[in-house]
Amino acid sequence: MLGGRVLRATGRERGRRSPLAALPRARSPAGSPREPPPAAPLLPPAGPRSASAAPVTAVLDSQYGMYVWPCAVVLAQYLWVHRRSLPGKRVLEVGAGVSLPGVLAAKCGAEVTLSDSEELPQCLRNCRRSCLLNHLPHIPVLGLTWGRVSPELLSLAPVDIILGSDVFFDPKDFEDILTTIYFLLEKNPHAQFWTTYQVRSADWSIEALLCKWKLKHVHVPLHSFSADKEHLASSSLPGRHTIEMMIISLAQSDGT
């Protein structure tokens, strides 16, 4: 069990009840309901014992996109288990919001860039706050909107790993997300997209879109990185949500 704690944000969040408890229901920008995770102290992802700890300060806010969602904790767990492979890796987090996975990757030695929609300036501000609270003021924060080719997207430095937690939430965004991921992977053929998602409907699938965009995926069992449990490092996240993880990369010309 890791020794350091993940703390709530200082400032206006200090001394008040977590918004996760205050808001029984959150809504996406499109208006569709999205259940917030239960309020709980957040701790660093569990993993093999180590003499070092990577405490991460999490920003909590009462608006959509400002929560530490269960998928982020599971992805952070995967990063922690594989932390020895991260130093020097060039990492981009998309749809970062609170940025738990990206901030943790940076604390483990990766060269991280955080991004969220340019149409959601409050999310970009939250990314920057997460960096400042964790003494990482040098981390770039970019506005990248899924499905849109922008100067920021075109000028991105090379990446090795793309992170995305719970980005496959609204089916209307699925193709825009994969369009952006395909563009990034085509520019960086050896890169991978590490993503966690919550199973909300058996009718939702990205299989056809992966085939359309010549992408392949590998399912990563949660038990393989000790994330198949309701509590991680004494945190009540991910709870009883059904979380899955997969790694997406470019398919070869022969479809493999």
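Located above this text is the structure these notes cover.
Reference entry: report on the structure contained in this document. On a predicted model such as this, the values are computed, not experimentally measured, just so you know. (Residues numbered from 1 in each chain as written. Predicted model: local features only at pLDDT ≥ 70, side-chain atom pairs only at ≥ 80, totals over all residues. Heavy atoms only, no water.)

A closer look at the overall build of the chain
And step 1. Looking only at helices and strands, the chain features seven helices and 13 strands.
And step 2. Split into buried and exposed, the 256 residues of the chain put 52% on the buried side.
And step 3. Summing over all exposed atoms, the chain offers an accessible surface of approximately 11,800 Å²; the carbon and sulfur share of this is 54%. (Helix = DSSP H or I, 4+ residues; strand = E, 2+ residues; numbered from the N terminus. Buried < 20%, exposed > 50% of the residue type's maximum accessible area, 1.4 Å probe, protein only. Areas by Shrake-Rupley, 256 points an atom, 1.4 Å probe, with all protein chains shown as cover.)

Concerning the sheet that holds strand β10 (residues 215-219)
And step 1. Spatially, seven strands are ordered β7-β6-β5-β8-β9-β13-β10 in an open sheet, and the strand pairing comes out mixed. At either margin of the open sheet sits one strand with a lone partner, and together these are β7 (141-143) and β10. Taking the axes of each pair of neighbouring strands and ignoring which way they run, one obtains an average angle of 25 degrees across the sheet.
And step 2. Looking at chain direction, strand β8 (residues 161-165) and strand β9 (residues 192-198) are connected through five bridges and run parallel. By the bridge assignment for β9, Ser165 is matched with Thr196.
And step 3. Along the sheet face, helix α2 (residues 70-81) touches β8, β9 and β13 (243-250) and points at about 140 degrees away from the line of β9.
And step 4. Running at roughly 170 degrees to β7, helix α4 (residues 121-133) makes contact with β6 (111-116) and β7 of the sheet. (Pairing = 2+ DSSP bridges. Axes fitted to C-alpha atoms, helices over the stretch in contact; angles between N-to-C directions. Contact = heavy atoms within 4.5 Å.)

Observations concerning the nonpolar core
And step 1. Judged by nonpolar contacts, the single largest core of 40 residues is most densely connected at Val112, Leu114, Trp194, Phe225 and Met245.
And step 2. Elements that contribute at least two residues to this core include exactly α2, α3 (100-107), β6, α4, β8 and β13.
And step 3. Tallying contributions element by element places α2 first for this core, with nine residues.
And step 4. Beyond its immediate sequence surroundings of up to four residues, Met245 is in contact with Leu75, Tyr78, Trp194, Thr195, Thr196, Tyr197, Val218, His219, Val220, Leu222 and Phe225. (Core = buried A, V, L, I, M, F, W, Y, C linked by side-chain atoms within 4.5 Å.)

Brief notes about the pairing of strand β5 (residues 90-93)
And step 1. Across four bridges, the pairing between β5 and β6 is parallel. Paired with Glu93 across the bridge in β6 is Leu114.
And step 2. Crossover β5 to β6 through α3 is right-handed.
And step 3. Of the pairings in the sheet, the one linking β5 to β8 comprises three bridges and is parallel in character. If you follow Glu93 over to β8, its bridge partner there is Leu163. (Right-handed = clockwise from strand over helix to strand, strands pointing away.)

Topic: the environment of Asp116
And step 1. Mapped onto the elements, Asp116 comes out in strand β6.
And step 2. Along the primary structure Asp116 and Gly143 are separated by 27 residues, whereas in three dimensions their C-alpha atoms are 5.4 Å apart.
And step 3. Discounting chain neighbours no more than four positions away, the residues touching Asp116 are Gly95, Ala96, Gly97, Cys123, Leu124, Leu142, Gly143 and Leu144.
And step 4. At a separation of 3.4 Å, a polar atom in the side chain of Asp116 contacts the main-chain amide nitrogen of Ala96. (Polar contact = N/O pair within 3.5 Å; in protein donor to acceptor, adjacent residues only side chain to side chain.)

Here we look at helix α6 (residues 174-187)
And step 1. Between the first and last C-alpha of α6 there are 20 Å, a value that for 14 residues agrees with the 20 Å anticipated at 1.5 Å per step.
And step 2. Considered for burial, the residues of α6 that qualify are Phe174, Ile177, Leu178, Thr180, Ile181, Tyr182, Leu184 and Leu185. (Expected span 1.5 Å × (residues − 1).)

A short note on the side chain of Thr145
And step 1. Mapped onto the elements, Thr145 comes out in the loop between β7 and α5 (151-154).
And step 2. Among the polar contacts listed, one links the side chain of Thr145 to the side chain of Glu118, at a separation of 3.2 Å.
And step 3. Those residues in contact with Thr145, other than ones at most four positions away along the chain, are Ser117, Glu118, Glu119 and Thr180.

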